[in-house]
Amino acid sequence: MAEKAIKLDMFAWEGTDKKGNRIKGETRGNSPTLIKADLRRQGITPIKVKKKSVLAAGNKKKKILPKDIAIFTRQLATMMSSGVPLVQSFDIIAKGHENPAMQELVTTIKNDVESGNNLRDAFAKHPLYFDELVCNLVAAGEAAGILDNLLDKIATYKEKTEALKSKIKKALFYPSAVVVVAFIVTAILLIFVVPQFQSIFEGFGADLPAFTRMVVNISEFMQNYWWAVFGGIAGGIYAFMQAKKRSIKLQHGLDKLVLKLPIVGEILTKAAIARYARTLSTMFAAGVPLVEALESVAGATGNIVYSEAVLRMRDQVATGQQLQLTMQQTGLFPNMVVQMIAIGEEAGSLDAMCDKVADFYEQEVDDAVDGLSSLLEPLIMAVLGVLVGGLVIAMYLPIFKMGTAI
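Summarised in this report is the structure supplied together with it.

Definitions and cut-offs
Residues numbered from 1 in each chain as written. Predicted model: local features only at pLDDT ≥ 70, side-chain atom pairs only at ≥ 80, totals over all residues. Heavy atoms only, no water. Helix = DSSP H or I, 4+ residues; strand = E, 2+ residues; numbered from the N terminus. Rg over C-alpha atoms; globule rule 2.2 N^0.38 Å. Buried < 20%, exposed > 50% of the residue type's maximum accessible area, 1.4 Å probe, protein only. Contact = heavy atoms within 4.5 Å. Areas by Shrake-Rupley, 256 points an atom, 1.4 Å probe, with all protein chains shown as cover. Lys, Arg positive; Asp, Glu negative; His and termini not counted. Charge placed at Lys NZ, Arg CZ, Asp CG, Glu CD. Axes fitted to C-alpha atoms, helices over the stretch in contact; angles between N-to-C directions. Parallel < 35°, antiparallel > 145°, perpendicular 65-115°, else oblique. Nonpolar A, V, L, I, M, F, W, Y, C, P; charged D, E, K, R; others polar. Left-handed = near helix turned anticlockwise from the far one by under 90°. Salt bridge = Lys/Arg side-chain N within 4 Å of Asp/Glu carboxyl O. Expected span 1.5 Å × (residues − 1).

**Re the overall build of the protein chain**
Of regular secondary structure, the protein chain possesses 15 helices and three strands. Whereas a compact globule of 406 residues would reach a radius of gyration of roughly 22 Å, the protein chain reaches 30 Å, over 25% beyond that. Projecting the C-alpha coordinates of the protein chain onto the three principal axes gives extents of approximately 100 × 65 × 35 Å. Per-residue burial over the protein chain gives 40% buried out of 406 residues. Across the protein chain, the fraction of contacts at a sequence separation of at least 24, relative to all contacts at a separation of at least 6, is 62%. Here the protein chain has roughly 22100 Å² of accessible surface; of this, 60% comes from carbon and sulfur atoms. Charge separation in the protein chain, taken as the distance between the mean sites of 45 positive and 40 negative side-chain charges, equals 8 Å.

**Considerations on the packing of helix α8 (residues 210-246) against helix α9 (residues 248-258)**
Between two packed helices, the angle of one axis relative to the other and the distance separating the axes together describe the packing. At their nearest, the axes of α8 and α9 sit 5 Å apart, and the two run at 105° to each other. Classified by the angle between their axes, α8 and α9 sit roughly perpendicular to one another. Of the residues in α9, those touching α8 at Phe 240, Ala 243, Lys 244, Lys 245 and Arg 246 are Ile 248, Leu 250, Gln 251 and Leu 254. Of the residues assigned to the contact of α8 with α9, the class counts are five nonpolar, one polar and three charged.

**As for unusual backbone geometry**
In this model, Ile 263 sits at a positive phi of 65°, which is unusual for a non-glycine residue. The exposure class of Ile 263 is partly exposed, given its relative accessible area of 41%.

**Here we look at the environment of Lys 50**
By the secondary structure assignment, Lys 50 is in strand β3 (residues 45-51). Note: C-alpha distance between Lys 50 and Trp 13 (37 residues apart in sequence) is 6.2 Å. Look past the residues within four positions of Lys 50 in its chain and what remains in contact with it is Met 10, Phe 11 and Ala 12.

**Topic: the side chain of Gln 324**
Within the secondary structure, Gln 324 sits in helix α13 (residues 323-330). When sequence neighbours within four positions are dropped, the list of residues in contact with Gln 324 reads Val 338, Ile 341, Ala 342 and Glu 345.

**Remarks on the packing of α13 against helix α14 (residues 335-347)**
Between α13 and α14, the least distance of the axes is 8 Å, while the angle of their chain directions is 165°. Considering their axes alone, α13 and α14 lie roughly antiparallel with respect to each other. The two elements α13 and α14 meet at a crossing, and its hand is right-handed. Note on element contacts: α14 touches α13 through Val 337, Val 338, Ile 341, Ala 342 and Glu 345, opposite Leu 323, Gln 324, Met 327 and Gln 328. Tallied by class, residues from the contact of α13 with α14 come to six nonpolar, two polar and one charged.

**Observations regarding the pattern of salt bridges**
Opposite charge on two side chains permits them to pair, given that their charged atoms come into close proximity. As enumerated under the stated definition, the model contains 19 salt bridges in all. Residues Asp 152 and Arg 74 are paired through a salt bridge, measuring 2.7 Å at the closest nitrogen-oxygen approach. You can see Asp 152 sitting in helix α7 (residues 147-201) and its partner Arg 74 sitting in helix α2 (residues 66-81), a full 78 residues away along the chain. Residue Arg 74 is classed as partly exposed on the basis of its relative accessible area of 23%. For the salt bridge of Asp 91 with Lys 110, the shortest nitrogen-to-oxygen distance reads 3.1 Å. Separated by 19 residues along the polypeptide, Asp 91 in helix α3 (residues 86-96) and Lys 110 in helix α4 (residues 100-114) bring together distant segments of the chain. According to the relative accessible area criterion, Asp 91 is buried, its value standing at 17%. With a relative accessible area of 4%, Lys 110 lands in the buried category.

**A few points about α2**
Along an α-helix, a turn takes 3.6 residues, which lines up residues three or four apart on a common side. In this model α2 runs 23 Å from its N-terminal to its C-terminal C-alpha over 16 residues, within 8% of the 22 Å that 1.5 Å per residue would give. Where α2 is concerned, the buried positions are Asp 68, Ile 69, Ala 70, Phe 72, Thr 73, Leu 76, Ala 77, Met 79 and Met 80. The secondary structure elements touched by the buried residues of α2 are α3, α4, α5 (119-124) and α7.

Written out as structure tokens, the structure is:
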């Protein structure tokens, strides 16, 4: 509901500075009165403030992406660590951003902070962009007076998380691309190319080879029912996505299944461990109690199997068990990870050890994705070669048969 309430307009203003020089600019806000008050706080005497009715061409609103939030957090952390006041930091970030939607979000947060709310509450009003983990870390930073340090940790966490997500998407893109490209190429050949050969074969007056007859039959089916094939595939994908959103049981089954897939499953397992370690390191370094931290970690693993396991670990840790023992009992973490966590617990450096685990597994994911890309590039060529080559052979078999007969 809070996201729908963001309706800030762009105002063009003119005024004079302390030296009497005439200046002008543009600012987003709720009303001309608030804009004038904001200008006076900056030492500018407003002369004229006028609402701009239409956004400039090329400056249309775009969706706010997680990458935008990661960049915003890094900018805010950098400016605060440099001694720039919080409200002024928001002004600088908002004016420097190209996306009006992001400008509105930052300006709204600034207005909340100016009205007396703390940063944690201002962030909490926008749960689509700032999850519970970020809000908890900001609250810890404000309470301890180390907000700039915590914002830096959040920025690093966001950057690492987005980089890892990008690698996972890259790993999953290639198998999907193979299937989609192969289907499209085959469909085009069956619908447009094979019928041309079919009209030639009808003039031969001879029986077609079995392989050619099979391809011709498939081509006739595609010509008559292509709309049903494409519609069925699109409808099936849509139904699957909706069922996945609504069914926890289906999500659990899929998450469990993908972890068992060859190559891709290994990548997703390493990614889940990297997210677990990175989130736990960030939370623990911020001084968040372990039981509380594990609750946020569960939602950041990206896989329901690991998420539910972490929640069970949280319950066990709350009863006094050691973290490394609860991890070992899940059977989801490699022995190396369990041993490193055990060493971190004994040495009192759990955050540093989790950080090393996260770095190691993020590099493992990176290497695995590069290896998968190298493997799939020739595989794509082979699959397309077999499909296209098979259709070409099927179309030329009758011609070869005629040549042999002659």
